[in-house]
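# Architecture at a glance
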Amino acid sequence: MRDSAEIVIVGGGVIGCSIAYHLTRMGKKDVLLLEQFQLTHGATWHAAGVVGQLRPSRNVTRMLQKSIALYDVLEEDTGQAIDWKKVGSLRIASSKDRMTEFRRAATTAKSFGLEMQILTPKETQDMFPIMTLDGVEGAAFIDSDGYIDPASLCQAFAAGARKRGAEIVQNCRVEGFKRNGRRITEVETSQGNVKAETVVNATGMWGHELGGLMGSRAPAFAVEHQYLVTDPIPDLPEGMPTVRDPDLLLYWKPEVRGIVVGGYENNTPAFARDGIPEGWDQQLLPDNYERFAPLAENAARRTPVVGEVGVRQLINGAIPMSADGDFVMGRVAEYDNVFTSCGFIYGIAAAGGAGEVMAEWIIDGRPSMDLWPLDVRRFQFHHNTRAFMYDRGIEIYAKHYAMKWPVEEHSSVREIRKSPLYGALKERGAVFGSKAGWERPNWFAPEGVEPVDQPSFAWPNWFEHVAQEHNAVRERVGLFDQSSFAKREIVGPGATAALQHLAVADVDRPEGSVIYTQLLNERAGIEADLTFCRLEENRYYAVTGTAFGDHDFGWIARHLPDDGSVHMVDVTSGYAVLNLAGPHARDVLASVTEEPVDGESFRFAKAKHLTVGAAPVIAMRVSYTGELGFELHVPSEYAIHVYGVLEAAGRDFGMVNAGYRALNSLRMEKGNLAWAADMSPDYTPYHARMERFVSRRKNDFVGAEALAKVAEAGPDQLLCTFALAEKVPVNGGEAILRDGRALGVTCSADFGHTVGCPIVYGYVPAEDAGHEDYEVEVYGQAVKAKRHDGPLYDPDGARFRA
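As the structure is a computational prediction, the values presented were derived from the model and not from experiment.

## Thoughts on the overall build of the chain
Counting secondary structure elements, the chain contains 18 helices and 38 strands. Taken over the C-alpha trace, the chain has a radius of gyration of 27 Å; the compact-globule value for 802 residues is 28 Å, and the two agree within 12%. Across its three principal directions, the C-alpha atoms of the chain cover 80 × 65 × 50 Å. Summarising the internal contacts of the chain: among those between residues at least 6 apart in sequence, 72% fall at separations of at least 24. Approximately 29500 Å² of the chain is accessible, and the part contributed by carbon and sulfur atoms is 47%. Measuring between centres, the 82 positive side-chain charges of the chain sit 2 Å from its 108 negative side-chain charges.

See the structure below:
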């Protein structure tokens, strides 16, 4: 084996081989793939091979569409047969709620440019004649889906990679790594050491173990999954689509005159919690007919012939999974030259597209489209622990075919990270959601109301209670616990210069300034959206969203000088954050602080050190709600004291506790955006209509040159705000239409309780962004919508600047 390679890929399953294939197609010749056994021998060889495309994320769907496009031509390119059957996919609705879910999915598919037909029960049976119509409400059909032979697909990728220069070494176990700072320099294997410029972890269910070996986060592991293969079924029609009946937890796929029947049951076991056994080479687990029995009963109900023919084989295999059910992809936070691509629960469907975007990531430093939902940097420390990931994985597996409610929280392994105010807020009726492991109050149940979520496709049980919180903030004052914000201090004589180089805003402002800004990448895409507070000449306090800390501060860290002039310190746990918002916010704060907080003494976008009760507080005048607001950053040990002082003072002003669902409704009325929803690396400040935050006094920040070109040519898409004419539930993912043509998809959506109508944001082509009248498709119904320039609420900003 060679002693060096530009790119070393560890893992010879379908994902690793696809990455090698795409790297060589893009011109990389010095590619070495290492496989501990033989190609396909992990989980690829026993995968069911079902290929579907539609996912809630537009870009994840686009990635899966790339798989379909590649499978159409892969055999011609490589000479390797892959048994690709583009027969379409049928999703059966065995409940009215499921039919509503499918109508919502069809709307999303339309906005993605993916055709999804809604069928009657009879049309469904015509496509799948062995089914009964018992309880069937209809179905959804995508004609470009299908199924493929997984092992042949993997071998085709390998053949294509070899043809273009890649080397594949089998029976080669990786045993360790050598490091130099933030780089892996050498891969230690059973066949000798290999120097590497770039290393890729594509080890599937071994992802967590290999990540641990090199010292990087990769919460990819495995759970057990069973499917049976029937004996031949007489008169099974040729060209039958793949079929799912999620209400019955089942899928079907044609298989050599018989059929494959599998499903996703509750409480499947996690595989190898204490580590995957040595030599787990093309192995299966003991079949468990007792555990499969409920699925078999459901299969016999929907397709009686399955209960009449014999069972050729019951397969119980370990399938990859991640700590949140989505793929684990991208450059790891711990190293500059290490990438990961593992944890694929539907890896056969994803492999073609995933290999392409990973090759882009490796060669160009980023994929051609934003893939934050799959980015490894979304994971926190707890996600990578055995105590968390296995039990959460079991819950996610069981929900694979569960109803996809617009808003739903997981229930397993909760209360990992808690604000100091958790207990006090729980006593006051807080209903918590989980974000990056933090328990955050979503809404507050009044006395006599059960503090639990009851999701719905219509108006959920929290709707009216969130409206009350929203209105209290608009009319009086509300108190939000936002302690989960990710926070860093950036200090040192080089801090200002470093941040000036990254931020679009001018951060060289007087001490006590609060600077809201975006950080751009080299293409001028919005890489981060955060706030800097200049506490001292060489000391900045940075605040970003709960889930974005590793992402945003990792971006900053990679751009800091290496001369020791700047240091960054994580202070997330050091400060609780209380957001006091509403027209009486100043009245409440003034009654408990020793310093003046009037409009002249404490202006908008400024920070002050205050004494609140007996506690030292960093207070910032900012507003996400659109109302007069004070964000109070309190040393954690003082948090309960400050909360109690504010609660007592707020009684005279009708203050309420408010949660994140009210916050979202408030911010949408005011036109405030959220990163990862309304802005991302796919869009520049000009696309997002945020050019007002770009400083005119400097032009040397990262992305400035690319941004100037966008400014000159004009953006090709623009973010628009729409108010709907009817009271309908919107949640994001709705198609934006004009004259019957799909222009885009809504990226944020909520009901505006002050303006009295649903509000959605969405990007549309720039040439179509100047009209007034549009439609938004909600559960298959086209609802009239009016585009608005600027915020629907307080467009002049008089209230938050008061």
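## Some words on the sheet that holds strand β14 (residues 250-255)
With respect to topology, eight strands assemble into an open sheet ordered β5-β6-β4-β13-β14-β15-β12-β16, the strand pairing being mixed. Every interior strand has two partners, whereas the edge strands, β5 (117-119) and β16 (311-322), have only one. With direction set aside, neighbouring strand axes in the sheet form an average angle of 25°. For strand β13 (residues 242-245) and β14, the ladder comprises three bridges, and the chain directions are antiparallel. Pairing of Asp245 across the sheet is with Leu250, part of β14. Against the sheet, helix α10 (residues 386-398) contacts β12 (220-230), β15 (258-263) and β16, and its axis sits at roughly 35° relative to β12.

## Brief notes about the pairing of strand β22 (residues 478-481)
The alternating pattern of β22 places Gly478 and Phe480 and Leu479 and Asp481 on opposite faces, both of which are buried. Pairing between β22 and strand β32 (residues 656-658): three bridges, direction parallel. Note on β32: the bridge partner recorded for Gly478 is Val656. Across four bridges, the pairing between β22 and strand β28 (residues 575-581) is antiparallel.

## Details of the pattern of salt bridges
Counting across every chain of the model gives 48 salt bridges. In this structure, Glu395 and Arg392 form a salt bridge, with 3.6 Å as the shortest nitrogen-oxygen distance. Here Glu395 pairs with Arg392, and both are found in helix α10, just three residues apart, close to one helical turn. Both residues of the pair, Glu395 and Arg392, belong to the buried class. Two residues, Glu669 and Arg474, come together in a salt bridge whose shortest N-O distance is 2.9 Å. With Glu669 in helix α17 (residues 660-670) and Arg474 in helix α12 (residues 463-475), this residue pair connects regions lying 195 residues apart in the sequence. With relative accessibility at 0%, the residue Glu669 sits in the buried group.

## Here's the deal with the side chain of Arg586
With respect to the helices and strands, Arg586 occurs in helix α15 (residues 585-590). Despite its burial, Arg586 pairs with no opposite charge; the closest candidate is Asp598, at 6.7 Å N-O. A polar contact of 2.9 Å, which involves the side chain of Arg586, links it to the backbone oxygen of Val597.

## Let's talk about the packing of aromatic side chains
Across all of its chains, the model carries 26 aromatic pairs by this definition. Measuring from ring centre to ring centre gives 5.0 Å for Phe548 and Trp675, while their planes differ by 75°; the resulting arrangement is edge-to-face. Residue Phe548 is located in the loop between β26 (539-544) and α14 (549-558), and its partner Trp675 is located in the loop between α17 and α18 (704-713); the two are separated by 127 residues in the primary sequence. By way of ring pairs, the aromatic residues Tyr251, Tyr264, Tyr397 and Tyr401 are connected into one cluster.

## Structural notes on the pairing of strand β33 (residues 717-724)
Burial runs high along β33: seven of the eight residues are buried. Note that β33 and strand β36 (residues 757-765) share seven bridges and pair antiparallel. Bridge pairing in β36 links Thr721 to Tyr761. Bridge count between β33 and strand β38 (residues 781-788): four bridges; the pairing is antiparallel. Within β38, the residue paired with Phe722 across the bridge is Arg787.

## Here we look at helix α8 (residues 289-302)
The terminal C-alpha atoms of α8, which comprises 14 residues, lie 19 Å apart, in line with the 20 Å expected from a rise of 1.5 Å per residue. In the structure, α8 departs most strongly from a straight axis at Leu295, where the bend amounts to approximately 30°. Those residues of α8 that sit buried are Arg291, Phe292, Leu295, Ala299 and Arg302. Elements in contact with the buried residues of α8: β4 (89-93), β12, β13, β14, β15 and β16.

## Observations regarding the side chain of Ser695
Relative to the helices and strands, Ser695 resides in the loop between α17 and α18. A distance of 3.0 Å separates a polar atom in the side chain of Ser695 from the backbone nitrogen of Arg697. Those residues in contact with Ser695 that lie beyond four places of it in its chain are Val504, Ala505 and Asp506.

## Looking at the nonpolar core
Among the nonpolar cores identified, the biggest contains 78 residues, and Ile9, Ile19, Met63, Tyr71, Phe157 and Met329 are the most heavily contacted of them. By residue number, the principal contributor to this core is helix α9 (residues 347-364), which donates 10 residues. Contact partners of Phe157, with chain neighbours within four places excluded, come to Val14, Cys17, Ser18, Tyr21, Leu70, Tyr71, Leu74, Ala351 and Gly352.

## A short note on the packing of helix α2 (residues 58-71) against α9
Contact pair α2 / α9: the axes reach a minimum separation of 7 Å and the direction vectors enclose 100°. The pairing of α2 with α9 is recorded here as roughly perpendicular in orientation. Only Ile348, Ala349, Ala350, Ala351, Gly352, Gly353, Ala354, Glu356 and Val357 of α9 make contact with α2, whose side of the interface consists of Met63, Leu64, Lys66, Ser67, Leu70 and Tyr71.

## Quick notes on the sheet that holds β32
Within the open sheet, the six strands sit side by side as β29-β30-β31-β28-β22-β32. Their pairing is mixed. The open sheet has two free edges, formed respectively by β29 (607-612) and β32, since each of these has just one partner strand. Neighbour to neighbour, the strand axes of the sheet diverge by 30° on average, direction disregarded. Summarising the sheet, β29 and strand β30 (residues 615-620) pair through six bridges and their orientation is antiparallel. Bridge assignment links Val612 to a residue of β30, and that residue is Ala615. In the packing of helix α16 (residues 639-650) onto the sheet, contacts are made with β22, β28, β29, β30, β31 (629-635) and β32, and the angle to β28 comes to roughly 15°.

Rules of the game
Residues numbered from 1 in each chain as written. Predicted model: local features only at pLDDT ≥ 70, side-chain atom pairs only at ≥ 80, totals over all residues. Heavy atoms only, no water. Helix = DSSP H or I, 4+ residues; strand = E, 2+ residues; numbered from the N terminus. Rg over C-alpha atoms; globule rule 2.2 N^0.38 Å. Contact = heavy atoms within 4.5 Å. Areas by Shrake-Rupley, 256 points an atom, 1.4 Å probe, with all protein chains shown as cover. Lys, Arg positive; Asp, Glu negative; His and termini not counted. Charge placed at Lys NZ, Arg CZ, Asp CG, Glu CD. Pairing = 2+ DSSP bridges. Axes fitted to C-alpha atoms, helices over the stretch in contact; angles between N-to-C directions. Buried < 20%, exposed > 50% of the residue type's maximum accessible area, 1.4 Å probe, protein only. Salt bridge = Lys/Arg side-chain N within 4 Å of Asp/Glu carboxyl O. Polar contact = N/O pair within 3.5 Å; in protein donor to acceptor, adjacent residues only side chain to side chain. Phe/Tyr/Trp six-rings, centres within 6.5 Å; stacked < 30°, edge-to-face > 60°. Expected span 1.5 Å × (residues − 1). Bend = angle between axes of the 7 residues up to and from the residue. Core = buried A, V, L, I, M, F, W, Y, C linked by side-chain atoms within 4.5 Å. Parallel < 35°, antiparallel > 145°, perpendicular 65-115°, else oblique.

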